[in-house]
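Report on the structure
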Amino acid sequence: MSAKQVSIKSCINLEELEARAGQILPAASFDYYRGGACDESTLRENREAYRRIKLKPRMLRDVSKIKKNLTIFDCELSTPIMVAPMAFQMLAHKDGELATARASANRKTLMTVSTLSTCSLEEVREASDFDLWFQLYVYKDREITRDLVSRAEASGYKALVVTVDSPVLGKREKDIKNRFDLPANLTVKNLTLHNLEKFPDEGDDSGLSTYIASIYDRSLTYKDLSWIASLTNLPVLVKGVLRADDALQALDSGARGIVVSNHGGRQLDTAVSTIEALPEVVEAVNGRAPIIVDGGIRRGTDVLKAIAFGASAVYVGRPVLWGLALDGKEGVEMVLDLINEEFENAMTLAGASSLEEVTRDLIFQSRGEI
Ligand SMILES: Cc1cc2nc3c(=O)[nH]c(=O)nc-3n(C[C@H](O)[C@H](O)[C@H](O)COP(=O)(O)O)c2cc1C
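Heads up: these notes are all about the structure in this document. Quantities reported herein were computed from a predicted structural model and do not represent experimental measurements.

Comments concerning the site of the ligand
The local shell around the ligand holds 22 residues, among which Ala84, Ser114, Thr163, Gly264 and Gly317 are the closest. Taken together, the residues that form the shell around the ligand break down as nine nonpolar, ten polar and three charged.

Focus on helix α12 (residues 274–285)
Relative to the 16 Å expected for twelve residues at 1.5 Å per residue, α12 spans 16 Å between its end C-alpha atoms, a close match to the ideal helical length. Taken together, the buried positions of α12 are occupied by Thr274, Ile275, Ala277, Leu278, Val281, Val282 and Val285. With its buried residues spanning 140° around the axis, α12 presents them on a single face. Turning to α12, the residues buried within the fold contact α4 (41–52), β7 (236–241), α11 (244–252), β8 (257–260), β9 (291–294) and α13 (300–308). Backbone geometry just downstream of α12 places asparagine 286 in the positive-phi region, at approximately 50°.

Structural notes on the environment of threonine 270
Considering the arrangement of structural elements, one finds threonine 270 in the loop between β8 and α12. Spatially, the C-alpha atoms of threonine 270 and alanine 311 are 22 Å apart, while their sequence positions differ by 41 residues.

Some points on the packing of α11 against α12
Contact pair α11 / α12: the axes reach a minimum separation of 8 Å and the direction vectors enclose 40°. Accordingly, the angle class assigned to the pair α11 and α12 is oblique. Our pair here, α11 against α12, has a crossing hand that is right-handed. Counting all contacts with α11, which are made through Ala244, Ala247, Leu248 and Leu251, the residues of α12 involved are Glu280, Val281, Glu283, Ala284 and Val285. Residue composition of the contact of α11 with α12, grouped by class: seven nonpolar, no polar and two charged.

Digging into the pairing of β8
For a regular strand, side-chain orientation follows a simple rule: the groups alternate between the two sheet faces. Of the two faces of β8, the one holding Gly257 and Val259 and the one holding Ile258 and Val260 are both buried throughout. Relative to β8, β7 runs parallel, the two being bridged by four bridges. Bridge assignment links leucine 237 to a residue of β8, and that residue is glycine 257. The handedness of the β7 to β8 crossover, carried by α11, is right-handed. In this sheet, β9 lies alongside β8 in parallel orientation, the contact comprising three bridges.

About the thresholds
- Residues numbered from 1 in each chain as written.
- Predicted model: local features only at pLDDT ≥ 70, side-chain atom pairs only at ≥ 80, totals over all residues.
- Near = placed C-beta within 6 Å.
- Nonpolar A, V, L, I, M, F, W, Y, C, P; charged D, E, K, R; others polar.
- Helix = DSSP H or I, 4+ residues; strand = E, 2+ residues; numbered from the N terminus.
- Expected span 1.5 Å × (residues − 1).
- Buried ≥ 20, exposed ≤ 12 C-beta atoms within 10 Å, placed from the backbone.
- Arc of directions from axis to C-beta.
- Contact = placed C-beta atoms within 7 Å.
- Axes fitted to C-alpha atoms, helices over the stretch in contact; angles between N-to-C directions.
- Parallel < 35°, antiparallel > 145°, perpendicular 65-115°, else oblique.
- Left-handed = near helix turned anticlockwise from the far one by under 90°.
- Pairing = 2+ DSSP bridges.
- Right-handed = clockwise from strand over helix to strand, strands pointing away.

Following this line, the structure appears as structure tokens:
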């Protein structure tokens, strides 16, 4: 076993993996991956909010067998813990998105591939023998959007996740100071055909921020969501919802799933934590569509709480990048194994032997609460 593998194997949880990744990644890449917007209040709150929620476990419930598999949009997964869409994975490891896709496939869970991937969506599809979803950013040039949707559908992706919380980039101060840019050998590979694979070489901001400001469509509305849904037979999920009214309007505009997300605290700082936003969305959606939540999920108990509050599944973001940086495909597998083992442990100790038994009554409410 190499020294590197020994040092990763000694990590006992996802937080320790983050600290280890911080020691090996170039500072600008680590800052880009780890950071949030402005004061990083939302980034911190995503974690803190989970810590504040207390559990009320059930006893004597026969937890000798734990089932955590689920089917979502016809994809049969071994676990409700999925891999969030994240840009530029070759900054972490030379195999980038290909390694993440292989690891997710080996663990029978979904990876959602970002529009801003450093391998093309076709290359990632080719590398994996399991279902994949594609995350879509909407460009001003509608032909680009149309092209991305049809390529994702043609190459066999199973759903489209439209991210709606990024008309511009949040103010990520570390990236501005670092003038964050992609190294010369990396590109936004999906956009090569459209000559948009490189960040523009101008301005004092981060290269990514300038790129997004110049080509993402800020005029996007629910009407455009209906248009996107009309382009494809794939189910469309809307990512970045934090309010009941937005969730309902998204469903009325053709979306078939909701991702409650604040982009990992990278967009609007002081936006509500996602686990605190979730109950109002669950109540409004009222079983009409699956709801996924992400942001700050680092422990098996976080997954348990998200599902108890009504999420069908969760996305894990940054920890996947730490695993990827530390040991490529094996590192991502280790991350997925760690959090899945913790989740199983939490289900067992809470007296829930299936996802159906992970219900709201597992959440402790103090007597003062309504
Ligand atoms: C480095 C990085 C890149 C990201 N890139 C994208 C992206 O391209 N598209 C997108 O919809 N979300 C993107 N996200 C947001 C994630 O999908 C997810 O919402 C968030 O990371 C979840 O929070 P967590 O990292 O605390 O688990 C990115 C997040 C990070 C950390």
